[in-house]
Amino acid sequence: MRQQYADIIVDITQEKLDRTFQYKIPENLKGKLTEGMPVEVPFGRGSRMVKGYVIGFSEKPEIDADKIKEIHAVLEKELGAETGRMMLAAWMRQQYGGTMIQAVKTVIPVKQKQRPKEKKTVRLLISKQEAGEKLQIFKKKHQSARVRVMEALVEEEQIPYELVTGKLNVTSSVIRSLEEQGILKCEAVTVYRNPVHAEGKIAHPVLLNEEQERIVKDIIAHWYEESCRVSLIHGITGSGKTEIYMELIAHAAELGGQAIVLIPEIALTYQTVMRFYRRFGERISIIHSRLSPGERYDQFERAKRGEIDVMIGPRSALFTPFPNLKIIIIDEEHEDAYQSETVPRYHAREVAIQRAKMENAKVILGSATPSLESYYRAKNGIYRLYTLKKRAKESRLPSVQIVDLRTELRSGNRSVLSVALREKIEERLEKKQQIMLFLNRRGYAGFLSCRSCGEVIKCPHCDVSLSLHNNGKLICHYCGYEQENPKKCPQCGSSFLSSFRVGTQQIEEVVRREFPNANVLRMDLDTTREKEGHTKILSAFADHHADILIGTQMIVKGHDFPNVTLVGVIAADLSLHSGTYRSSEKTFQLLTQAAGRAGRGEMPGEVVIQTYNPEHYSIVNAARQDYESFYEEEILYRMLGGYPPVSHLMAVHGSSSDLEHLDAGMSYLKKYVEQIVPKKARVSVVGPADEQIAKINDTYRKILYIKYKEQEMLLKIKERMEQYIKANEGYQTISIQFDMN
Ligand code: ADP
Ligand code: ZN
Ligand code: ZN
């Protein structure tokens, strides 16, 4: 498209973002403007020059062309925090689709409606030495009110006005007189709310062990090298990663810079915040979903004003407007929570790396079970890889036992609890130790499996399990392949095929029946719906008000229960057959994490994993805590299937209330892509298929996948698709979004 007009926003506050103004692009700037660029434009009746940002282009004037003003200039030297965020938004829009306004809204927080609170203070205007001299003079003259104020101000240069008139009992006329003499000044300062309510002393950092020391030294030695921008620290839980993060943050602070620490919300516990507080004191702040929009906004303001150096929080903390960002740390980098579910569907890891490039900062990724993407890149030299092999404090890893549910069935046990697990529970109850029973339902889609041999019905084209639908058919969520439910197992001929339906509530009933004297708590979406429900259950369990905690993945993240010595995984298969190419990876991560919950205190821990697939590599290697072997097998599967990270995968999500339009629109889109890609390039287009949830709120949802080994090509295809969608009226009733990998 030729650049004729540019859409400009002149006021970067959330509520005004939707208001854009069209400007003419002068000849000398044609073809040179990009989204996110800061420009100077004449504005309003007086045409005074104001700063604006380009957020889009158009060919036709929206009003009488003569009335449209012209862009004055590009603000080339402008490099403030705001411009940085606009450029980041532009990158996100280009990468993930959607509109520029949606991208800008993601990086800029909602401005608070109520005005920030102001507090009146008294500030010393002269030096402390001069103040000391004045103090002596007032003492000689026995002007005791003045003495009280000066003593306080010598101690601290700025004190609350209320303190002076209240506790110090000094009248306003005395204050006024001191103000007239130029000794002090009354001012109003804006007070931003601080969500960190912590007390306690700053503690000395621990002495790093040899492994930690080596990593910290190496990262610092290569601090400014482009090829070392991103580092991955692979270390089991408790191996001392957090201590490394804090040492690196301290280094960033020495360089005069700031740090962002991303932690999945669910792991952002009071203990975690306190650890950072004890090291960095009031210079830290946090963001989490329970803060009001005003409180969140305040934290960004405090960061802008240089009141804090470290921001801790989930995904959105990534956009903290620090003036001199030096390091971004992403803990538990494999977590799904880093993937945004709303437009733009960005991944925090990718955006962090982009922001770090733009602002010359470092990125540190840490995990006990790195995502395949990150480990693959680290192995290929794109990230720097560090490994921590031991736990920092001497504590044994739990012993893990895998129980084959097929043999349980053969010996006549149809309960959700195997004989082994039941015996171990009993044993712990007698010893007054605690037990966690874990149901990994993440992404559970309903699959059909053989209870005799463990076989799961898979898609013949995609090597992922087929999902069971309400209409009684089995469906592939990648290619749309459909088949009737088979009557017999294709592997062993058994007719004992069934869908695996088990919920936390059912398990609770069984456990209560079998152990009537045990106190049981259940944690899932139902029991945590009320405010703080989540925290209540966890602290009740921590205080040993219950012997057994039953729950979904919520229970396995970031909590230390020293009295838990047994963790039971009810059916590892639930996440193993979730119908996506990531299901083995997710299973390995969940099982490793769950196993890490047992034996965190003095007593040794034990883990029982129940499954119909006891030989599966994700289960075997999780039991051995062997990431490396798991990775080798999994990457082979990704290579053969053409799945990320070996290949790139772009998902095209379509949604509409009109199913027919949606069907047609997605099919045409597929044809269009097949037409435009060069024949030689081996781009594969898979689908369209129903999304895992095929209909939400009467809106139908379909998905199309485009696979190719290089991402560049996919981005180009995406741009062409966007143009095609814009140019065809048929797409007006369909919303299309893109998602990389
Ligand atoms: P991770 O972040 O990898 O889970 P942490 O940094 O939380 O590991 O360390 C686990 C525990 O070991 C924490 O209690 C931490 O204070 C302690 N720890 C870590 N490094 C050291 C060290 N060098 N000396 C003593 N204790 C350490
Ligand atoms: Zn079978
Ligand atoms: Zn398929």
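Source: prediction; values computed, not measured.

> Mind showing me how you'd approach the overall build of the protein here?
Each helix and strand in the protein was counted, giving 22 helices and 30 strands. Each of the 741 residues in the protein was classed as buried or not, and the buried ones make up 53%. Taking all contacts inside the protein whose residues are at least 6 apart in sequence as the whole, residues at least 24 apart take part in 74%. Accessible area for the protein stands at about 35,100 Å²; split by element, carbon and sulfur atoms hold 48% of it.

> What is the right way to read the coordination of the zinc ion (ligand 3) from this model?
In a perfect tetrahedron of four donors around a metal, the angles come out at 109.5 degrees. In a perfect octahedron of six, they are 90 or 180 degrees. The protein atoms that coordinate the zinc ion (ligand 3) are C459 (SG), C462 (SG), C476 (SG) and C479 (SG), at distances spanning 2.3 to 2.4 Å. In this structure, the zinc ion (ligand 3) is coordinated by four donor atoms arranged in tetrahedral fashion, with angles at the metal of 107 to 113°.

> Which parts of the structure should I look at to understand the environment of G240?
Along the polypeptide, G240 turns up in the loop between strand 9 (230-235) and helix 8 (241-254). Assessed through its relative accessible area of 13%, G240 is described here as buried. Remark: the alpha-carbon pair of G240 and L388, spanning 148 residues in sequence, is separated by 8.0 Å. Aside from chain neighbours lying at most four places away, what touches G240 is Q212, L388 and A392.

> Which parts of the structure should I look at to understand the sheet that holds strand 29 (residues 699-708)?
Strand-to-strand pairing in sheets goes through backbone hydrogen bonds, with the strands running parallel or antiparallel. If you trace the four strands from one edge of the open sheet to the other, you get 28-29-27-30, paired in antiparallel fashion. Edge positions in the sheet fall to strand 28 (684-696) and strand 30 (735-740), since each of these pairs with one other strand and no more. Geometrically, the sheet is characterised by an average inter-axis angle of 20° between neighbouring strands, direction not taken into account. Those strands touched by helix 22 (residues 711-727) are strand 27 (648-656), strand 29 and strand 30, and its axis lies near 20° from that of strand 27.

> Any chance you could explain the coordination of the zinc ion (ligand 2) here in plain terms?
At the metal site, the zinc ion (ligand 2) is ligated by C450 (SG), C453 (SG), C489 (SG) and C492 (SG), and these contacts range over 2.2 to 2.4 Å. Taken together, the four donor atoms surrounding the zinc ion (ligand 2) define angles of 106 to 113° at the centre, an arrangement classified as tetrahedral. Summarised as a motif, the one-chain spacing of the donors to the zinc ion (ligand 2) is C-x2-C-x35-C-x2-C. Pair noted here: C450 is in strand 18 (residues 448-450) and C489 is in the loop between strand 21 (482-484) and strand 22 (497-499), with a separation of 39 residues, a long-range link. For C450, a relative accessible area of 1% gives the class buried.

> Would you explain the sheet that holds strand 25 (residues 564-569) in this entry?
Across the sheet, six strands lie side by side as 16-26-25-17-24-23; this open sheet has parallel pairing. Single-partner strands in this sheet number two, and they are strand 16 (399-404) and strand 23 (520-523). On average, adjacent strands in this sheet sit at an angle of 15° to one another, irrespective of strand direction. Here strand 25 pairs with strand 26 (residues 606-611) via four bridges, running parallel. When the sheet's bridge partners are listed, V569 is paired in strand 26 with I609. Each of strand 17 (434-438), strand 25 and strand 26 is contacted by helix 18 (residues 583-595), which is oriented at about 155° to strand 25, the strand it contacts most.

> Teacher, can you tell me more about helix 11 (residues 348-359) here?
Count 3.6 residues to each turn of an α-helix, and residues three or four apart come out pointing the same way. When the terminal C-alpha atoms of helix 11 are compared, their 16 Å separation across twelve residues agrees well with the 16 Å that a helix rising 1.5 Å per residue should span. Among all positions of helix 11, only A348, R349, V351, A352, I353, Q354, R355 and A356 are buried. Positive phi appears at N360, one or two residues downstream of helix 11, with a value of about 55°.

> Please explain the pairing of strand 17 as it appears in this structure.
Side-chain direction in a regular strand flips from residue to residue, so the side chains alternate between the two faces of the sheet. Counted residue by residue, strand 17 has five buried out of five residues, so it is predominantly covered. A two-sided burial pattern is seen for strand 17, the buried positions comprising Q434, M436 and F438 on one face and I435 and L437 on the other. Across five bridges, the pairing between strand 17 and strand 25 is parallel. Bridging across to strand 25, I435 finds its partner in L566. Pairing between strand 17 and strand 24 (residues 548-551): four bridges, direction parallel.

> It is not clear to me how the environment of S647 should be interpreted in this structure. Could you clarify?
Along the chain, S647 turns up in the loop between helix 20 (627-641) and strand 27. Along the primary structure S647 and R19 are separated by 628 residues, whereas in three dimensions their C-alpha atoms are 40 Å apart. Here S647 is in contact with G642, Y708, K709 and N741, once residues within four sequence places are set aside. In this structure the side chain of S647 is engaged in a polar contact, spanning 3.4 Å, whose partner is the backbone oxygen of Y708.

> Explain the packing of aromatic side chains here, please?
Geometry of an aromatic ring pair is reported as the spacing of the ring centres plus the angle between the planes. If you walk through the whole model with that rule in mind, you get 18 aromatic pairs. An angle of 35° between the planes, with centres 4.7 Å apart, marks the rings of Y478 and Y705 as tilted. Of this pair, Y478 sits in the loop between strand 20 (473-475) and strand 21 while Y705 sits in strand 29, and the two are 227 residues apart along the sequence. Relative accessible area serves as the criterion here: at 12%, Y705 is assigned to the buried category. Ring-pair connections join several aromatic residues into one group, and the members of that group are Y375, F588, Y617, Y627, F630 and Y631. Over the ring of Y161 we find K120; its NZ or CZ atom is 4.2 Å from the centre of that ring.

> I would appreciate a short explanation of the site of ligand 1 in the present structure.
The immediate surroundings of ligand 1 are formed by 16 residues, with L207, G238, K241, T242 and R275 found nearest. Considering ligand 1 on its own, with 550 Å² of exposed area, one finds that the protein chains cover 76% of that surface. Ranked by the residues each element gives to the shell around ligand 1, the list is headed by helix 8, at three residues. Partitioning the shell around ligand 1 into residue classes produces five nonpolar, seven polar and four charged.

> How should I be thinking about the pairing of strand 14 (residues 362-367) in this particular structure?
Judged by how many residues are buried, strand 14 sits mostly within the fold: six of six residues are covered. Of the two faces of strand 14, the one carrying K362, I364 and G366 and the one carrying V363, L365 and S367 are both buried. In this sheet, strand 14 lies alongside strand 9 in parallel orientation, the contact comprising five bridges. Looking at the pairing, H234 lines up with S367 of strand 14. After leaving strand 13 (residues 325-331), the chain enters helix 11 and then returns to the sheet as strand 14, a path that is right-handed.

> Hey, could you run me through the side chain of H616 in this one?
Along the chain, H616 turns up in the loop between strand 26 and helix 19 (617-624). Engagement of the side chain of H616 in a polar contact is seen with the side chain of S618, the distance being 2.9 Å.

> Looking at this model, I keep getting lost on the packing of helix 8 against helix 9 (residues 270-280). Mind explaining?
Helix packing for two helices is described by the angle between their axes and how far apart those axes are. Running from amino to carboxyl end, helix 8 crosses helix 9 at an angle of 35°, the nearest separation of the two axes being 11 Å. The way helix 8 lies across helix 9 gives a crossing that is right-handed. Contacts between helix 8 and helix 9 involve T242, E243, M246, E247, I249 and A250 from the former and R275, F276, R279 and F280 from the latter. Here the contact of helix 8 with helix 9 is composed, by residue class, of five nonpolar, one polar and four charged.

> I'm lost on unusual backbone geometry in this one. Help?
Glycine aside, residues mostly have negative phi, and peptide bonds are mostly found in the trans state. For the bond from V343 to P344, the omega torsion is -10°, close enough to zero to count as cis. The residue P344 is located in the loop between strand 13 and helix 11 in this model. For the bond from G687 to P688, the omega torsion is -5°, close enough to zero to count as cis. Checked against the element boundaries, P688 lands in strand 28. One non-glycine residue, S47, adopts positive backbone phi at about 50°. The residue S47 is located in the loop between strand 3 (38-43) and strand 4 (48-58) in this model. The residue H142 is not glycine, and still its phi comes out positive at about 55°. Here H142 lies in the loop between helix 3 (128-140) and helix 4 (144-155).

How each quantity is defined
Residues numbered from 1 in each chain as written. Chains lettered and ligands numbered in written order. Predicted model: local features only at pLDDT ≥ 70, side-chain atom pairs only at ≥ 80, totals over all residues. Heavy atoms only, no water. Helix = DSSP H or I, 4+ residues; strand = E, 2+ residues; numbered from the N terminus. Buried < 20%, exposed > 50% of the residue type's maximum accessible area, 1.4 Å probe, protein only. Contact = heavy atoms within 4.5 Å. Areas by Shrake-Rupley, 256 points an atom, 1.4 Å probe, with all protein chains shown as cover. Donors = N, O, S within 2.8 Å, 3.2 Å for Na, K, Ca; no water. Tetrahedral: all angles 85-135°; square planar, octahedral: opposite > 155°, others 65-115°. Pairing = 2+ DSSP bridges. Axes fitted to C-alpha atoms, helices over the stretch in contact; angles between N-to-C directions. Expected span 1.5 Å × (residues − 1). Polar contact = N/O pair within 3.5 Å; in protein donor to acceptor, adjacent residues only side chain to side chain. Phe/Tyr/Trp six-rings, centres within 6.5 Å; stacked < 30°, edge-to-face > 60°. Lys NZ or Arg CZ within 6 Å of the ring centre and 35° of its normal. Near = heavy atom within 4 Å. Nonpolar A, V, L, I, M, F, W, Y, C, P; charged D, E, K, R; others polar. Right-handed = clockwise from strand over helix to strand, strands pointing away. Left-handed = near helix turned anticlockwise from the far one by under 90°.

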